[in-house]
Structure formats: C-alpha cells, structure tokens
Amino acid sequence: MPNWKPYLLRLFALVQRYPGLIAAFGFFSGVASFILVDRQAGVGKVIAVLMLLSWAWLLLEGLLTRSAARWLGLEVPPLVLRYLTQMIHQESLFFALPFFFVTTSWHSGQALFTSLLGAAALLAIVDPIYYRWLAARRWLYLSFHTFTLFAVLLVALPLIVHLTTAESYRLALGAALVVALPSLGSSLRIQGYWRWATLAGLVAALGVGAWLARPWVPPATLWLTEVAVTEQLQQRSPGRSLGKVSAAQLQQAGLYAYTAISAPRGLDERIYHVWKRDGVEMDRIALDIHGGRKAGYRAWTHKRNFPAQPAGDWQVQVVTEAGQQIGVLRFRVD
C-alpha cells in the first residue's frame, strides 16, 4: 500500500465522522477569497485559476473517482463527494460575489443578478436548505450548478486569459449550456425524435434568453473608480464635477464626461459613453481602455453639439460592447 493511502483513508473517515468539516472549509476559504481578492493583485489571478481547476475536477468527478478505484484501489465515499461538491459551490460563489457586488449598478436590473448570486451563496452554506431543498430537486440543483459556473467564468476569464467582457460572456454562456445539456436531456421524459427536438429548442431558448439579459449582468471585472461631469480637463484630471448646468454653459464650452475604469492587467477593452437626454440616446462615443492602472484607466469624451433646446435630465451611460452597464453619470440642464 502506498505511504500516502492510509492518510487519505483516515481523512475520508474523519470527513464521514464530521461531515461539516469540508463544508466549513469551503465557507471560510470562500470568505478569505472575498477579503483577499483585489482585481489588481496577483492573488486574484491565482484564486481564479484554482476556481477553474476545482470546476474541472467537479465536471470530471465520475471519471476521476472510477480511475482512482481501478488503478489505486481507492474508493471515495459518496458522502465525501457530496461535501466536496458543496465546498466548490461555496468557494466559487464567495469568490465571484465581491466582483459583482462592486460592479453592480444598483438602480438597474443588475441588482437582480447580484441579489440572486448573494442568495445562492447563502443557500450553499446552510446545510438543511442545500441538501433537503436544493439538492433534492434535480431541476433546481441543475440551475444552481449552472448559475454558479456561469458567474465564476465571468470573473475568471478576464483575469486569467484577458478576454474582453463580451468574449467572456459568450464563452461563459456557452460553457454553462454545455454543462447543463446532459442533465436537461436526462430530465426530459419525452421519447423518440420529439425528445431531441424539445431538448434543442429548450437549450436554444435558454441561450437566447441569457444573451438578451446581458444588460442585467454586471461586467464583473470593470468598475468605475472616479467619475465627473465637468467643464474643464487639465493634465488628464477633471475639474469640479457638476450636477446642474445651464444651457449657456453648454453652448459656450460643452461638457466633459470623465471616467476612470479599473480593469485587470493586460486587458484591452472597448467601451462606450452613451449620452442620453430624458432617456433618448443623443450620442454614442467609443473609447479604448487598457487594464493595469491601480486608480483606473482614465478616459473621457467631450460633447459640444448639444441641441438648441438642451434642457432636461441628462445621463452618460458607460457600457461595454456587449451592452453591460459599468456605471452612469447624471446631470440636469436648466
């Protein structure tokens, strides 16, 4: 018997005797991720890699456990596997939650997505709810599992491989649908060709719905560190931020919309300043930002061509190419 095998068997026995140990470890390590992860710190990238590795294990769980039993003679108790799955859910949710919490525009539909993520994190640490209510309902557990993977990928992909927000969203959505596909297929009780047609239609509907809902999903790795609506900009620094502007001021010098956006090191992304009056789009101006600056990449637009009668409630929405809102600047013209 290999020297390490008795230690593993002893660990399995300990987990079976005290089943809450793995769940407690998952919770506290997830909280540690919540505290330690700073999008400009190297620890964020390391934790992101570990999250993806843990999900790789989770997706290959059946193959790995059968291989361990065949080649090493090591039987992993089902109870241990159950708590390992819970631990990965906990760590993943508490890893992703701070990113979404910081980047959420709380006066928009993004609040719903982040609230759901927070609720999922709470469900993962309350054993009676997680096992008796969530895991006991296959469709609900599948939704929970897919939602967790989707959130982790949205955070991890820009940190590790520097994919843009739009690219990360497409890849995360595709991966989530692929993971959900086998379980969806086994849940359908329709026989014959209708079963496959129903499965294809269901997956297509989920994909289209999730894509259309992207404005409600915060851009997990992009956030505003400084904003201003100002008349002056000197040496890449804004002047006094204005909440109210007169029509005469606009006609004389126009206005600057200044934003400093924090992004992971190595990430290059195109964003847009969308100028709106009373909810109607007036201008959409593209800006290219580069990640890595601790205080955020400084970018601005200067609008001079205002309408002859510019009075109203104005806002400058800062959005990604995928239409996800990073933030919004508001001012009123009298």
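Structural notes, computed from the coordinates. Counting restarts for each chain, with residues numbered from 1 along the sequence as it is written. Per-residue local features are limited, in this predicted model, to residues with pLDDT of at least 70; the limit for side-chain atom pairs, both in listing and counting, is 80 or more; totals at the level of whole chains, interfaces and linings are taken over all residues. The basis for every side-chain value is the complete set of non-hydrogen atoms in the structure, without hydrogens or water.

1. A few points about the sheet that holds strand 4 (residues 244-245)
Then, in step 1: For two strands to be treated as a pair, DSSP must find no fewer than two bridges joining them. Only DSSP runs of H or I reaching four residues or more are called helices, and only runs of E reaching two or more are called strands; each is numbered from the N terminus. Spatially, the five strands line up as an open sheet ordered 4-10-9-6-7, and their pairing is mixed. For this open sheet the edge positions go to strand 4 and strand 7 (280-290), each flanked by a neighbour on one side alone.
Then, in step 2: Direction of pairing for strand 9 (residues 312-320) relative to strand 10 (residues 325-333): antiparallel, over a ladder of eight bridges. Paired with D313 across the strands is R332, a residue of strand 10.

2. So, the pairing of strand 10
Then, in step 1: Two elements, strand 4 and strand 10, share two bridges in a ladder whose sense is parallel. Each residue of the ladder has a partner; that of V245, found in strand 10, is V333.
Then, in step 2: In this antiparallel pair of consecutive strands, strand 9 and strand 10, the connection spans four residues, and G323 shows a positive phi of 90 degrees.

3. Structural notes on helix 8 (residues 138-161)
Then, in step 1: Each helix should span, by expectation, one fewer than its residue count multiplied by 1.5 Å. Taking 1.5 Å per residue, 24 residues should reach 34 Å; helix 8 reaches 33 Å between its end C-alpha atoms and fits that length.
Then, in step 2: The largest bend in helix 8 amounts to roughly 25 degrees and is located at V155, with the proline P158 lying one to four residues further along.
Then, in step 3: For each residue, the accessible area found with a 1.4 Å probe, counting protein chains only, is set against the maximum for its type, and the residue is called buried under 20%, exposed over 50%, and partly exposed in between. For helix 8, the buried fraction is high: 18 of the 24 residues fall into the buried class. Bend angle per residue: angle between axes fitted to the 7 residues ending at that residue and the 7 residues starting there.

4. Quick notes on the sheet that holds strand 8 (residues 297-303)
Then, in step 1: If you trace the three strands from one edge of the open sheet to the other, you get 1-5-8, paired in antiparallel fashion. The open sheet has two free edges, formed respectively by strand 1 (223-230) and strand 8, since each of these has just one partner strand. On average, each strand axis in the sheet is inclined to that of its neighbour by 15 degrees, with strand direction left out of account.
Then, in step 2: When strand 5 (residues 255-262) meets strand 8, the two strands line up antiparallel, connected through seven bridges. The residue bridging L255 from the neighbouring strand is K303, located in strand 8. The convention used is that axes are lines fitted to C-alpha atoms, helices contributing only their stretch in contact, and that angles between N-to-C directions extend from 0 to 180 degrees.

5. A word on the layout of surface pockets
Then, in step 1: Here a cavity is any set of points on a 1 Å grid over the protein atoms alone where a 1.4 Å probe fits but cannot get out, and a pocket is any open set with protein on both sides within 12 Å along at least 5 of 7 lines; a residue lines the site when it has an atom within 4 Å of a point. Grid points are joined across faces, edges and corners, and a volume is the space filled by probe spheres set on the points. Volume-wise, the largest pocket comes out at about 850 Å³.
Then, in step 2: Around the largest pocket, the lining comprises 29 residues; the ones closest to its centre are S143, T146, F147, F150 and L206.
Then, in step 3: Where the lining of the largest pocket is concerned, the elements lending two or more residues are helix 6 (110-125), helix 7 (127-134), helix 8, helix 9 (165-187) and helix 10 (193-212).
Then, in step 4: Of the residues forming the lining of the largest pocket, the biggest block, eight residues, is contributed by helix 8.

6. A word on empty space enclosed by the protein
Then, in step 1: Going through the model one piece at a time under the given rule, you end up with one cavity of 30 Å³ or more.
Then, in step 2: In this structure, the largest cavity occupies an estimated 50 Å³ of space.
Then, in step 3: As for the largest cavity, its lining consists of L154, P158, T165, S168, P218, P219, A220, T221 and Q324.
Then, in step 4: Of all elements in the fold, only helix 8 and helix 9 reach the threshold of two or more residues within the lining of the largest cavity.
Then, in step 5: Residues are grouped as follows: nonpolar covers Ala, Val, Leu, Ile, Met, Phe, Trp, Tyr, Cys and Pro; charged covers Asp, Glu, Lys and Arg; every other residue, Gly included, is treated as polar. A breakdown of the residues in the lining of the largest cavity according to their chemical character gives five nonpolar, four polar and no charged.

7. Here's the deal with helix 6
Then, in step 1: Helix length check: helix 6 (16 residues) gives 24 Å between terminal C-alpha atoms against 22 Å at 1.5 Å per residue, within 8%.
Then, in step 2: Taken together, the buried positions of helix 6 are occupied by Q110, A111, F113, T114, L117, G118, A120, A121 and A124.

8. Some points on a nonpolar patch on the surface
Then, in step 1: Residues form patches when they are more than 30% accessible in relative terms and have no salt bridge. Like charges link within 9 Å. Nonpolar side chains (Val, Leu, Ile, Met, Phe, Trp, Tyr) link within 5 Å. Only the protein chains shown count as covering a residue, and every accessible area follows the Shrake-Rupley method with a 1.4 Å probe. Any carboxyl oxygen of Asp or Glu within 4 Å of a side-chain nitrogen of Lys or Arg constitutes a salt bridge here. A cluster of nonpolar side chains, contributed by F101, V102 and W106, occupies part of the molecular surface with about 300 Å² of accessible area.
Then, in step 2: Note that W106 resides in the loop between helix 5 (78-103) and helix 6.

9. Re the pattern of salt bridges
Then, in step 1: Applying the stated criterion across every chain, the model contains five salt bridges.
Then, in step 2: Notably, a salt bridge pairs D288 with R270, separated by 2.9 Å at the nearest N-O pair. Of the two residues, D288 is situated in strand 7 and R270 in strand 6 (residues 268-277); the sequence distance between them amounts to 18 residues.
Then, in step 3: Judged by its relative accessible area of 35%, R270 falls in the partly exposed class.
Then, in step 4: One network of salt bridges, in which partners are shared, links D313, R332 and D334.

10. Remarks on the packing of aromatic side chains
Then, in step 1: In summary, the pairing rule links any two rings of Phe, Tyr or Trp, Trp by its six-membered ring, whose centres are within 6.5 Å, and it sorts them by plane angle into stacked for under 30 degrees, edge-to-face for over 60 and tilted for everything else. If you walk through the whole model with that rule in mind, you get 14 aromatic pairs.
Then, in step 2: Between the aromatic rings of Y130 and Y141, the centroid separation amounts to 6.3 Å while the plane-to-plane angle is 75 degrees, which identifies the pairing as edge-to-face. With a gap of 11 residues between them, Y130 in helix 7 and Y141 in helix 8 connect regions that are remote in the sequence.
Then, in step 3: Ring geometry for W275 versus F306: centroids 6.1 Å apart, planes at 80 degrees, classification edge-to-face. Here W275, found in strand 6, pairs with F306, found in the loop between strand 8 and strand 9; they are 31 residues apart in sequence, far enough to count as distant.
Then, in step 4: An aromatic cluster of three or more residues is present, and its members are F100, F113, F147, F150, Y169 and W211.
Then, in step 5: Both a distance and an angle decide whether a charge sits over a ring: NZ of Lys or CZ of Arg must be within 6 Å of the ring centre and within 35 degrees of the ring normal. Positioned above the aromatic ring of Y272 is the side chain of R284, whose terminal nitrogen or guanidinium carbon lies 5.8 Å from the ring centre.

11. A word on the pairing of strand 6
Then, in step 1: Here strand 6 lies mainly inside the structure; seven of its 10 residues are buried.
Then, in step 2: Inspection of the sheet shows strand 6 paired to strand 7 by 10 bridges, in the antiparallel sense. Across the sheet, residue W275 finds its bridge partner in strand 7, namely D283.
Then, in step 3: Linking two consecutive strands that pair antiparallel, namely strand 6 and strand 7, is a turn of two residues; a positive phi of about 50 degrees is found at D278 within it.
Then, in step 4: With seven bridges joining them, strand 6 and strand 9 adopt antiparallel strand pairing. Paired with Y272 across the bridge in strand 9 is V319.

Function-wise, these values are silent; they only describe arrangement.
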